[in-house]
Every structure is written in C-alpha cells, then in structure tokens.
Amino acid sequence: VDDDVGAFHRFWRGVCGKVAGSDAGDILYGRMKKTCDEYFMIPARRERRGVGGIFFDQLRELEGYVETAQLLVREVAAGFMPS
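Residues numbered from 1 in each chain as written. Predicted model: local features only at pLDDT ≥ 70, side-chain atom pairs only at ≥ 80, totals over all residues. Heavy atoms only, no water.

Observations concerning the environment of Val19
Looking at where Val19 falls in the secondary structure, it is placed in helix 1 (residues 2–20). Here Val19 is in contact with Thr68, Leu71, Leu72 and Glu75, once residues within four sequence places are set aside. (Helix = DSSP H or I, 4+ residues; strand = E, 2+ residues; numbered from the N terminus. Contact = heavy atoms within 4.5 Å.)

Below, the structure written as structure tokens:
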C-alpha cells in the first residue's frame with residue numbers, strides 16, 4: 001500500500017512539474033496537496049481520510065494564465081494511472 005501511495009503522489013507531483021516547471025511545480029503540488037490534506041482531516045481523531053491527493057479548484061497559483069490552467073486540467077484528466 002505504501003508503494004502505491006508513494007507512486008500516486010510522485011505522479012501528481014510530476015503532473016504539476018510538467019505544467020509549471022520543476023521548482024514551481026513542487027510549490028504548486030505542495031499547495032494543492034495541503035488544501036486536500038486539510039479538507040480530509042478529521043480533527044476529533046487527528047487523522048486524515050484516504051491517501052490524499054491534490055485539489056486544484058483554486059488556480060490562482062498559476063497567476064491567471066488560462067493556457068496553463070487548461071494544460072493542468074488536461075494533464076489531470078489524461079493522467080489517471082492504470083490500476
């Protein structure tokens with residue numbers, strides 16, 4: 001399971017890097033992962049549900065570049081890993 005979770009997060013970090021460039025992609029991935037982690041946190045149990053992911057509904061990190069946002073959405077849609 002841990003190998004799958006690691007592969008899952010490496011995959012999404014790679015998508016962000018492909019869209020925004022290596023360093024900026026790491027930052028973008030970190031922001032989107034943090035948003036997801038916060039959403040799925042169960043405060044009473046002090047634990048998260050699931051393995052996490054990325055939330056990309058707020059694309060302000062892309063500085064308003066519509067083309068970059070469209071590329072991110074296309075990469076996310078095309079990037080589902082085979083099970």
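Points about the pattern of salt bridges
One pass over the full model with this rule turns up 5 salt bridges. A salt bridge links Glu75 to Lys18; the nearest nitrogen and oxygen atoms lie 3.3 Å apart. Separated by 57 residues along the polypeptide, Glu75 in helix 3 (residues 66–78) and Lys18 in helix 1 bring together distant segments of the chain. On the accessibility criterion, Lys18 (58% relative accessible area) is exposed. (Salt bridge = Lys/Arg side-chain N within 4 Å of Asp/Glu carboxyl O. Buried < 20%, exposed > 50% of the residue type's maximum accessible area, 1.4 Å probe, protein only.)

A look at the packing of aromatic side chains
Aromatic rings in a pair are described by how distant their centres are and how their planes are angled relative to each other. Enumeration over the complete set of coordinates arrives at 5 aromatic pairs. Relative to Phe55, the ring of Tyr39 has its centre 5.3 Å away and its plane inclined at 55°; by these criteria the two rings are tilted. In this pair, Tyr39 is assigned in helix 2 (residues 22–39) and Phe55 in the loop between strand 2 (47–48) and helix 3, connecting sequence segments 16 residues apart. Summarising the aromatic geometry, the rings of Phe40 and Phe55 are spaced 5.8 Å apart at their centres and angled 70° between planes, so their arrangement reads as edge-to-face. Here Phe40 is found in the loop between helix 2 and strand 1 (41–42), whereas its partner Phe55 is found in the loop between strand 2 and helix 3, with 15 residues between them in sequence. Accessibility expressed as a relative area gives 25% for Phe40, which makes it partly exposed. (Phe/Tyr/Trp six-rings, centres within 6.5 Å; stacked < 30°, edge-to-face > 60°.)

Topic: the environment of Ala69
Considering the arrangement of structural elements, one finds Ala69 in helix 3. Given a relative accessible area of 15%, Ala69 falls into the buried group. Between the C-alpha atom of Ala69 and that of Val19, which follows or precedes it by 50 residues, the distance is 8.5 Å.

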